[in-house]
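# What the coordinates show
Okay, here's what each chain looks like letter by letter:
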Amino acid sequence: MAPLSSSAQGRGHGPQQGGARVGSVTQEHTNKSGFETRAIHAGYEPDEMTGAVIPPIYATSTYKQDGVGGLRGGYEYSRSANPTRTALEGALAAVEEGERGFAFASGLAAEDTLIRALTRPGDHAVIPDDAYGGTYRLFDKVEKAWGLEHSPAAVSDVDAVRAAVRPGTTKLVWVETPTNPMLNIADIEALAAVAHDAGALLVVDNTFASPYLQQPLTLGADIVVHSTTKYVGGHSDVVGGALVVRDLEVADRLAFHQNSMGAVPGPFDCFLTHRGLKTLGVRMDRHCDNAEKVVDFLTGHGKVTQVVYPGLKEHPGHTVAAKQMKRFGGMVSFRVEGGVDAALEVCARAEVFTLGESLGGVESLIEHPGRMTHASVAGTDLEVPADLIRLSVGIETADDLIADLDRALGTVG
Ligand SMILES: *Cc1c(COP(=O)(O)O)cnc(C)c1O
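Every value quoted in this text rests on a predicted model; they were computed, and no experiment measured them.

About the thresholds
- Residues numbered from 1 in each chain as written.
- Predicted model: local features only at pLDDT ≥ 70, side-chain atom pairs only at ≥ 80, totals over all residues.
- Heavy atoms only, no water.
- Helix = DSSP H or I, 4+ residues; strand = E, 2+ residues; numbered from the N terminus.
- Buried < 20%, exposed > 50% of the residue type's maximum accessible area, 1.4 Å probe, protein only.
- Contact = heavy atoms within 4.5 Å.
- Near = heavy atom within 4 Å.
- Polar contact = N/O pair within 3.5 Å; in protein donor to acceptor, adjacent residues only side chain to side chain.
- Areas by Shrake-Rupley, 256 points an atom, 1.4 Å probe, with all protein chains shown as cover.
- Nonpolar A, V, L, I, M, F, W, Y, C, P; charged D, E, K, R; others polar.
- Pairing = 2+ DSSP bridges.
- UniProt positions renumbered as here; feature names shortened; annotations may be inferred.
- Axes fitted to C-alpha atoms, helices over the stretch in contact; angles between N-to-C directions.
- Core = buried A, V, L, I, M, F, W, Y, C linked by side-chain atoms within 4.5 Å.
- Domains from an automatic or database assignment.

### A few points about the environment of Leu92
Inspection of the secondary structure puts Leu92 in helix α3 (residues 83-95). Taking the relative accessible area as the measure of exposure, Leu92 reaches 2% and is therefore buried. Discounting chain neighbours no more than four positions away, the residues touching Leu92 are Val232, Ala242, Val244 and Leu277.

### Description of the site of the ligand
Close to the ligand lie Ser106, Gly107, Leu108, Glu111, Tyr132, Asp205, Thr207, Phe208, Ser227, Thr229, Lys230 and Gly240, which account for all nearby residues. Taking Leu108, its main chain carries an N or O atom lying 2.9 Å from an oxygen atom of the ligand. A distance of 2.7 Å separates an oxygen atom of the ligand from a polar side-chain atom of Lys230. Contact with the protein chains removes 92% of the 380 Å² of surface that the ligand exposes when unbound. The greatest single-element share of the shell around the ligand, amounting to three residues, is contributed by helix α4 (residues 107-118). Split into classes, the residues belonging to the shell around the ligand amount to three nonpolar, six polar and three charged.

### Notes on the sheet that holds strand β10 (residues 354-355)
Here we have five strands laid out as an open sheet, ordered β8-β9-β12-β11-β10, and mixed in their pairing. Edge positions in the sheet fall to β8 (304-308) and β10, since each has one partner strand and no second. One ladder, built from four bridges, connects β8 with strand β9 (residues 331-336); its direction is antiparallel. Of the residues in β9, the one forming a bridge with Val304 is Val336.

### What to know about the UniProt feature "modified residue: N6-(pyridoxal phosphate)lysine" (unreviewed entry) in the protein chain
In this numbering, the UniProt entry assigns the feature "modified residue: N6-(pyridoxal phosphate)lysine" (unreviewed entry) to Lys230. In this fold, Lys230 is placed in the loop between β6 (223-227) and β7 (241-245). Its relative accessible area of 9% is what places Lys230 among the buried residues.

### Comments concerning the sheet that holds strand β2 (residues 124-128)
Sheet architecture is open: seven strands sit in the order β1-β7-β6-β5-β4-β2-β3, paired in mixed fashion. Each edge of the sheet is formed by a strand with only one pairing partner; in this case those strands are β1 (100-104) and β3 (149-153). When the angles between neighbouring strand axes are averaged without regard to direction, this sheet yields 20 degrees. Inspection of the sheet shows β1 paired to β7 by five bridges, in the antiparallel sense. Bridge pairing links Gly101 to Val244 in β7. Seen against the sheet, α3 touches β1 and β7 and runs at an angle of roughly 125 degrees to β1. In the packing of helix α7 (residues 188-197) onto the sheet, the strands contacted are β4 (170-176) and β5 (201-205), and the crossing angle to β5 comes to about 145 degrees.

### Details of the nonpolar core
In this structure, Leu298, Val332, Phe334, Ile389 and Leu391 are the most contacted members of the largest nonpolar core, which totals 57 residues. No other element matches helix α11 (residues 280-299), which puts eight residues into this core. For this core, the two domains that each supply at least three residues are domain 2 (83-278) and domain 3 (282-409). Those residues in contact with Leu391 that lie beyond four places of it in its chain are Val294, Leu298, Gly330, Met331, Val332, Phe334, Phe353, Leu365, Ile366 and Leu405. Formed by 24 residues, the second largest nonpolar core is a distinct cluster that contains Phe102, Ala110, Leu114 and Val225.

The structure is reproduced here in structure tokens:
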């Protein structure tokens, strides 16, 4: 176990008290509350001095000490801890029902910190065979050079994941659910058992579901990963990442590495992410409402050959998704008649759906995975169908979204 600085990285939800009174009584109270109450109140109490209802943006790199080592509330230097970040980290822990949360400069920064905190050269990880491209690249091009081996397996196939595990050597079983862009579903409870039988930790990238729809720690997962760039931030205005854990020993290792590796977000990024998190519940319900309406429309459209959505009974992961998710999310993929040209044309003609990568913002996005997010996996096992279109269904007026798709599809062929 790595040594810890006793000051800013102690146990509990980061630094205690201090001017901002972060992570204190409110945390305990809100942990027993409903999701939206936790999202809005956990991690912060109105500032003692001013009563500021929202965590101030503490644009400071260092903190005055009352005599050598006399830290106020544990704050020493803003790489180690900053009150705006502490507030966000407390809220992230509360919405995922974890013990501690950690914020990072990006989703990939969170992932790299997790991997290097919890593995050593010579260890092994099982990863999704349809992992997010950046995650795959991190394992394949960065962590492998550092000595970490990895094996891909289909997250929807528990036996395949079990077969890929090397007992004693596998330290991480890493899944996403739903996956991108085919929205495959991993059975979190079953995979937690597979990982734990082998002495490994189960890591769940919960970016596509969001903590509102799915809480992997309550299903047996050990670590939750987020690209908070997506649904948590929710407004396409900030890049960020997060880790949430339930075990305090794991938390200590992550805290040590967060400080040692230094891939932390600045206070303004933390403010934006925290502001987004507060409305996650209402946004996700609207994302789901709109996605369901879009799915209904697409399912009945003559030029659509397949609709991929975990809420559809014919989706192979439907039963598992229904068991572990509150609703089925805002991501929808579909295939069109006419092959790649038709798919590209639909993407080009859509107007309310903005052509672009990323997902999870209030605005609807459309993209062609084969030429955009998944272009780098063409010709490999990860290749996606050329006639596939991916939607991140936003929270605009549903009728406008459907009219836009109708118009874009009407021009095909
Ligand atoms: C975007 C994304 C990431 C990477 O996060 P960044 O914030 O872009 O670094 C990881 N996993 C999933 C599922 C993502 O969608």
